[in-house]
Amino acid sequence: MLGGPAPRAGWPWGRGRPWGRGRPRRRGPASDGERRRGGGTRGLSPASKRHLGFSGQSPPRPSTTEMEQEKVHGSEELRAEAASYRCSACHGDEDWGLGHPIRGRAKSRSLSAAPAVASTREFRRTRSLHGPCPVTTFGPKACVLQNPQTIMHIQDPASQRLTWSKSPKSVLVIKKIRDASLLQPFKELCVYLMEENNMIVYVEKKVLEDPAIVSDDRFGPVKRKFCTFREDYDDISNQIDLIVCLGGDGTLLYASSLFQGSVPPVMAFHLGSLGFLTPFNFENFQSQVTQVIQGNAAVVLRSRLKVRVVKELRGKKVAVPNGISENGVLAAALDAEVLNEVVIDRGPSSYLSNVDVYLDGHLITTVQGDGVIVSTPTGSTAYAAAAGASMIHPNVPAIMITPICPHSLSFRPIVVPAGVELKIMLSPEARNTVWVSFDGRKRQEVRHGDSISITTSRYPLPSICVRDPVSDWFESLAQCLHWNVRKKQAHFPEDEEDADEEAGAGRAGS
């Protein structure tokens, strides 16, 4: 790492002390060895030496007690120095600005000679290349069970299991809208949670407006016990202990968008079309839900992207509540947490999109094509896979950059460390604007002077596994994407094999 400490334990990587174990070497006018050799007074006259207090004799050697005291004092200084060192990524100081002081040397070489637009200060790294340490508490009561059997304080992602500090009491049930086939599973699940487990069930208000639910008189007593909310109006982030999704991958993405901070554990049932992110089958949901409530489940921490879109206010005299001043220009900022990908595309224009991509303040490339995808490892199996990118396991700390139909034969998708900060802007030569969307939602236009900043979020989405993160992922690859499926090659018949062996023996004898 460049100028940053190792992250905390509990994520696929651990946390250690700052680089350098020994005490900093003292530097003075002359060391003891130089004094004994006369190197510290070289070039001085005898009178000057007497004036400075040098007698020409070797100084007395410190006693063993003094050396032990000095060693203890040095170790205390080192511990105090390490304790006062705080990683901005680990302690929530996620600033988008540049120029924060760090320990370690500054970057001596840049990726490009061109700095970021309007950047007047030298870039200094303020975060670990491995990305910020994720928060491992999910909602009011859930957290990751720390495994004591770790090597070098690095927790094995496959050993991450769910535990509860208190029994979960509130659950959010997310159902796919306008799907009549999910009404019966939805009713069965809600009745089981409320009557068998005595839990408080939250549902979205528009779910109860379905005509099939409104006309069902037998479901009326249960429906009156629901707690309802409306998206973008009611904040339920601190009231939910568990999330249960009924549908496809879209329900999981929707659940992620509801929680811009810490996300409660998510249990996703496969009742949609693809279901790559929904590993549970609904046939035996009672036993599976009971195991999760008891804390007997493995979890995979799916990293999310923290995105900020800064837009200049051009000639508009309006009051912006979250307005910020960037380089003296009033701008409006939009923040979002993204689970799959951020897509920048050319929109309805017939021209190529032309955007500059900066990494840690330095221009790395200009994308000329239909657009670019910045995705998480979870999103690598979505739009990025369709655009020709590799598929990355969710436990790999990385960010993937994938061009969309680039007008270049050598532009391949790349994977960068999770801790970098990406900034995407329209090139000065761009003929048209571009459009940006977050997990396929909140699509908006990006003009000249606007910027999109992307880095890894501290708040991952804890997805509950059926077995373990590795087995579930390869099962989804095989069942949903039919990864590496082909007709197997037939073996040679035995008579042909014997004939080949005899022919080989005959050639050897001749």
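**Details of the overall build of the protein chain**
Move 1: Within the protein chain one finds 11 helices and 22 strands.
Move 2: Restricting to contacts in the protein chain with at least 6 residues of sequence separation, those with at least 24 account for 71%.
Move 3: Of the roughly 28300 Å² that the protein chain leaves accessible, carbon and sulfur atoms contribute 51%.

**Some remarks on the packing of aromatic side chains**
Move 1: A complete count under the given rule lists 9 aromatic pairs for this structure.
Move 2: Between Phe282 and Phe285, the aromatic rings sit 4.5 Å apart at their centres with planes inclined by 10°, giving stacked as the arrangement.
Move 3: With a relative accessible area of 3%, Phe285 lands in the buried category.
Move 4: Over the ring of Phe219 we find Lys187, and its NZ or CZ is 5.8 Å from the ring centre.
Move 5: The ring of Tyr233 carries the charged tip of Arg230 above its face, separated from the ring centre by 4.7 Å.

**Observations regarding the confidence of the model for the protein chain**
Move 1: Mean pLDDT over the protein chain works out to 77, with 67% of the residues at or above the 70 mark.
Move 2: Note on residues 48-56: pLDDT is under 50 here. Beyond four places in sequence and across chains, it has 6 contacts.
Move 3: Segment residues 317-321 is flagged for pLDDT under 50; beyond a separation of four residues in sequence, or across chains, it makes 2 contacts in the model.

**What to know about helix α8 (residues 285-293)**
Move 1: Residues Phe285, Gln288, Val289, Val292 and Ile293 constitute the buried set of α8. An end-on view of α8 places all buried positions within 135° of arc, on one side of the element.
Move 2: Within two residues after α8, Gly295 carries a phi angle of roughly 85°, on the positive side.

**Some points on a nonpolar patch on the surface**
Move 1: Among the surface-exposed residues, Val470, Phe474 and Trp483 lie close enough to one another that they form a single nonpolar patch of about 290 Å² accessible area.
Move 2: Within the secondary structure, Trp483 is located in the loop between α10 (469-480) and α11 (494-509).
Move 3: Under the relative-accessibility criterion, Trp483 is labelled partly exposed at 45%.

**Some thoughts on helix α7 (residues 249-258)**
Move 1: Burial analysis of α7 places 8 of its 10 residues in the buried class, which makes it a mostly covered element.
Move 2: Looking at α7, one finds that the buried residues are Asp249, Thr251, Leu252, Leu253, Tyr254, Ala255, Ser256 and Leu258.

**Topic: the side chain of Lys175**
Move 1: Summarising the element assignment, Lys175 is placed in strand β4 (residues 170-175).
Move 2: Setting aside its immediate chain neighbours within four residues, Lys175 contacts Leu182, Leu183, Phe186, Val207, Asp210 and Leu246.

**Describing the sheet that holds strand β3 (residues 161-164)**
Move 1: Overall, antiparallel pairing links the 3 strands, which are arranged β1-β2-β3 in an open sheet. In the strand order of this sheet, the two ends are held by β1 (137-138) and β3, each with one partner.

About the criteria used
Residues numbered from 1 in each chain as written. Predicted model: local features only at pLDDT ≥ 70, side-chain atom pairs only at ≥ 80, totals over all residues. Heavy atoms only, no water. Helix = DSSP H or I, 4+ residues; strand = E, 2+ residues; numbered from the N terminus. Contact = heavy atoms within 4.5 Å. Areas by Shrake-Rupley, 256 points an atom, 1.4 Å probe, with all protein chains shown as cover. Phe/Tyr/Trp six-rings, centres within 6.5 Å; stacked < 30°, edge-to-face > 60°. Buried < 20%, exposed > 50% of the residue type's maximum accessible area, 1.4 Å probe, protein only. Lys NZ or Arg CZ within 6 Å of the ring centre and 35° of its normal. pLDDT = per-residue confidence, 0-100. Arc of directions from axis to C-beta. Patch = residues over 30% accessible without salt bridge, like charges linked within 9 Å, V, L, I, M, F, W, Y side chains within 5 Å. Salt bridge = Lys/Arg side-chain N within 4 Å of Asp/Glu carboxyl O. Pairing = 2+ DSSP bridges.

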